[in-house]
Amino acid sequence: MLSPQELFRSAILQPGPPETFALQTVQQVIKPQKGTKLVQDENQLLENILRTLLQELVSSAVQSGEQIMQYGQSIDDGEATRGHIPRLLDVVLYLCENEHVEGGMIFQLLEDLTEMSTMRNCKDVFGYIESKQDILGKQELFARGKLVMLRTCNQLLRRLSKANDVVFCGRILMFLAHFFPLSERSAVNIKGVFNTSNETKYEKDAPDGISIDFNFYKTFWSLQEHFCNPASLTVAPTKWQKFTSSLKVVLNTFEAQPLSDEEGDANNLEESANFSIKYLTSSKLMGLELKDPSFRRHILVQCLILFDYLKAPGKSEKDLPSESMKEEINSYEEHVKKLLEMTPPKGESFLHKIEHILERENNWVWWKRDGCPPFEKQPMEKKTVQDGAKKRRPRWRLGNKELSQLWKWADQNPNALIDTQRLQTPSITEYWKSLAEDMNPAAGIEAEYHHKNNRVYCWKGLRFSARQDLEGFSKFTEFGIEGVVPLELLPPEERSKYAPKPNEKSKRAKKEDAKAAVHHVEENQVATAATDVDGEVLRTDVGALVAPLDTDNTTVCNTSQGISPMADEHQKRSSDTDGGQEAGQLEDDAEVDAEGDAGMIDGEIEPEVDLDPVS
C-alpha cells in the first residue's frame, strides 16, 4: 500500500490541470467526513503530509544538483512540463482557492520553501509568488495568509544584501505594496523612526597627493550625518548652525562650478541603468563626482527631503522650527531648487517632478498623523426594483413640497386668509416690551440672547416707530435702538439715561406755545370779519385795530418770558402817552417772533394779516 506522500507524488506527475485530480487525491488520502471540505483535524493532517513531501522534493533537487523549481521538469512531445514543486504548489493553491482545504496552507508551504532554498533559488520561488499574486490576493486567501506572507518577505529582505541585491529587494517591496492594501499599518513607519545605523564613512585624514580641497571633502560628506537623522536639527541649535554653514559651502561650490549641457548629455540618467544605493566616498573620486549630474541631483534632493521633513504639517509645537529657522529653510530651499533647475539634462522638468512627489508626500504624512484611516469604501448595495413597480417621482401641485403644504393648509382653513388679525400692526408699546425687559439689569440677559442684537426684530421695530412715534424714532441717532423704546416701559434706573434734557424740553414747549398763539390770532381775525358783514363800516385807525392783537401777542410773549399778563395790562393802563407806541412795538415784535417760531415748527411762513377795514 502506498504512503500518503507517494500518492501525492504520483498525482502531481499526472498530466492535465489540477482540478481533474486534486480533490480525488485528497479524498483518497484523507477520506474526509464531509466529502469535499476538510475539518480542522483533517486540515492539520493534510498540511503535515504536504510539508513532508515538499522537504523530500527539495532534498531530491539538491542531491541532483538542479534548481529546485526546475526539478522534475521534462519535455514531452515538444512541450515542457512543470517541475514537481511548482506542480505541487498549483495543486494546493487550487484546493485553497475552492475552499476544499484551509486557505493558509499555501502560504505555509511557500514560507517553508523559501527557508529551505538558497538565495539563488529564492529568486525563482519569488517569481512563482509574483505570477500567482492575483489569486493569493483574493479576500478568502489574503485574510488567512497575509501575516505569513509578510513574515516570509521580511525574512527574505533580511537575508538579502542591500548593496548587491538591490533589484531583488525592490521586487519584494513592490510585491508587498501591491499585495497589501494602502491602509495596511504594518508597512507604515507610524512613529517616524530614522535608520540612524546607516552611517556614511569617509576619510578623516588627508591622504598624500590629493588634488582637491580636503576641508571641502570633509564638509561635503559631513552632511550625511544630518541627512540620516533630521530630527536632531530641531533639538540642538548648534547642530543646525553647523549644518547650515556646511550646506552653504557645498551649494556655493555647486553654483561656482556649473555643469554644461555636454556633461549632462554624457551622463544621461534616463538611458543609464546603473543605479547604486550609496556613492563611494574616496577623496580621489571627489573631483569626478562633482562633475556627475546624477551625483549633484542626489545631494540636492536629499536637501529638499530634509527641508520637507522640517516643515512637515501636523507636528507638535515643541517639534516645530523657530521663525528664524523657517526663514533660513525657505532661503536654502530656493537656492537648492535653483541649482536643480540649472543641472542638466532637463533640469526644469526634473525639478517639477520632485516638487510633485514632495507635495504628495505631505498627504501621506497627514494620513499617518490621523491614524491611517482606511481608503477603501464598501460598495453601495443596489436596490432591486421589482418588475412593473417602477418608482415614480412625486408631483407637487405648486412645484415643491413646502409650497404645496402651505396651499393645503389654506384649503383646510379658509378663514385664515380673511382674518383681520393677520395684517394687524402691533402698537409700539406692545412691540418694544420684550426689549424693555431685556434692558432691565436685574433680568441678566446675555448679549447673545438680547433683543437688541436681533437685526430682524430691530428693523421691524424701527418701521413701527417711524409710523407711530416719530419723537422716539428721532432718538435712534443719539441713543441707538435702546433709545427708541418708550420711556414708560423702562425701569426707573434706565429711564433717566434716555430721557430728553431739560433745556431741550423747555425749548420744545416754547415752540408749541408760539404756534398756539399764531392760531389764536387767526381765529380773532375771522371773528372780526364776521361782525362786519351787517353793512356797518368801522372807521378806526390802525393802532385801534391792532390793539386786541397786540394785547394777545404781548400776553403770549410775556408769558413765554416769565411775565404775568396782569402785570403787563396794569403797565399799559398807567401809560398815557407811550401806550400806543409801545403797543405797536410789542405787536411788531410778537408778530415777528410768532412768524419765526411758526416757520421753525411747521416749516412754512404764516400769511400776512390784512389790516384794512372789511367793507
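Given the structure is predicted, the values throughout are model-derived calculations rather than measurements. (Residues numbered from 1 in each chain as written. Predicted model: local features only at pLDDT ≥ 70, side-chain atom pairs only at ≥ 80, totals over all residues. Heavy atoms only, no water.)

1. Digging into the pattern of salt bridges
Applying the stated rule across the entire model yields 16 salt bridges. Between K338 and E255 there is a salt bridge whose closest N-O contact spans 3.9 Å. Taken together, the residues span a long stretch of sequence, with K338 in helix α16 (residues 323-342) and E255 in helix α12 (residues 237-256) at a distance of 83 residues. Given the relative accessible area of 45%, K338 is considered partly exposed. A salt bridge links E355 to K337; the nearest nitrogen and oxygen atoms lie 3.5 Å apart. Within this pair, whereas E355 is found in helix α17 (residues 347-369), its partner K337 is found in helix α16, the two being separated by 18 residues in sequence. (Salt bridge = Lys/Arg side-chain N within 4 Å of Asp/Glu carboxyl O. Helix = DSSP H or I, 4+ residues; strand = E, 2+ residues; numbered from the N terminus. Buried < 20%, exposed > 50% of the residue type's maximum accessible area, 1.4 Å probe, protein only.)

2. Some points on the nonpolar core
Ranked by size, the top nonpolar core spans 59 residues in total, and within it L46, I85, I106, L113, L136, M149 and I172 carry the most contacts. Element by element, the count of residues in this core is highest for helix α4 (residues 84-97), at nine residues. For L46, the contacting residues outside a window of four places in its chain are F8, V26, I30, L38, V101 and M105. With 35 residues, the next largest nonpolar core counts F295, V301, I329 and L339 among its residues. (Core = buried A, V, L, I, M, F, W, Y, C linked by side-chain atoms within 4.5 Å. Contact = heavy atoms within 4.5 Å.)

3. Quick word on the packing of helix α10 (residues 214-227) against helix α15 (residues 293-310)
Direction vectors running N to C along α10 and α15 enclose 35 degrees, while the axes themselves pass 11 Å from each other. As α10 packs across α15, the resulting crossing turns out to be left-handed. Residue-level contacts link F220, W221, Q224, H226 and F227 of α10 to F295, I299, Q302, C303 and L306 of α15. In the contact of α10 with α15, the residues fall into seven nonpolar, three polar and no charged. (Axes fitted to C-alpha atoms, helices over the stretch in contact; angles between N-to-C directions. Left-handed = near helix turned anticlockwise from the far one by under 90°. Nonpolar A, V, L, I, M, F, W, Y, C, P; charged D, E, K, R; others polar.)

4. Comments concerning the environment of I135
Along the chain, I135 turns up in helix α7 (residues 133-136). Classification of I135 by relative accessible area gives partly exposed; the value is 23%. Each C-alpha atom, one on I135 and one on L93, is 8.4 Å from the other, the two residues being 42 residues apart in sequence. I135 has contacts with L93, E97 and L141, leaving out every residue within four places of it along the chain.

5. Quick look at the packing of aromatic side chains
Counted under the stated rule, the structure contains 23 aromatic pairs. Their ring planes at 75 degrees and their centres at 5.8 Å tell us that F126 and F168 sit as a pair that is edge-to-face. Highlighted residues: F126 in helix α6 (residues 119-131) and F168 in helix α9 (residues 166-179), separated in sequence by 42 residues. For F126, a relative accessible area of 1% translates into the label buried. (Phe/Tyr/Trp six-rings, centres within 6.5 Å; stacked < 30°, edge-to-face > 60°.)

6. A word on the side chain of D292
Take D292: it is sitting in the loop between α14 (286-290) and α15. R296 is the oppositely charged side chain nearest to the buried, salt-bridge-free D292, at an N-O distance of 8.6 Å. Here S294 takes part through its side chain, which lies 2.9 Å from a polar atom of the side chain of D292. (Lys, Arg positive; Asp, Glu negative; His and termini not counted. Polar contact = N/O pair within 3.5 Å; in protein donor to acceptor, adjacent residues only side chain to side chain.)

7. Remarks on helix α5 (residues 105-116)
In a regular helix each residue adds 1.5 Å, so twelve residues correspond to 16 Å; α5 covers 17 Å between its end C-alpha atoms and thus fits that length. The buried fraction of α5 is high, at ten of twelve residues. Residues of α5 that are buried include every one of M105, I106, F107, Q108, L109, L110, E111, D112, L113 and T114, and no others. Residues of α5 that are buried make contact with α3 (40-64), α4, α6, α7, α8 (139-159) and α9. (Expected span 1.5 Å × (residues − 1).)

8. A short note on a positive patch on the surface
A surface patch of like charges, here positive, comprises K204, K218, K239 and K242. Topologically, K242 is positioned in helix α12. For K242, a relative accessible area of 46% corresponds to the partly exposed category. (Patch = residues over 30% accessible without salt bridge, like charges linked within 9 Å, V, L, I, M, F, W, Y side chains within 5 Å. Areas by Shrake-Rupley, 256 points an atom, 1.4 Å probe, with all protein chains shown as cover. Charge placed at Lys NZ, Arg CZ, Asp CG, Glu CD.)

9. Considerations on the environment of H352
Summarising the element assignment, H352 is placed in helix α17. Note on H352: relative accessible area 46%, which makes it partly exposed. The spatial distance from the C-alpha of H352 to the C-alpha of K337 is 9.7 Å, given a sequence separation of 15 residues.

10. Some points on the packing of α15 against α16
When two helices pack together, their arrangement is given by the angle between the helix axes and by the axis-to-axis distance. Here α15 crosses α16 at 150 degrees, and the two axes come no closer than 10 Å. By the angle class used here, α15 and α16 are roughly antiparallel. The way α15 lies across α16 gives a crossing that is left-handed. Counted together, R297, L300, C303, L304, F307 and L310 of α15 and M325, I329, Y332, E333, V336, K337, L339 and L340 of α16 form the full contact between these two elements. Its residues placed into classes, the contact of α15 with α16 shows eleven nonpolar, no polar and three charged. (Parallel < 35°, antiparallel > 145°, perpendicular 65-115°, else oblique.)

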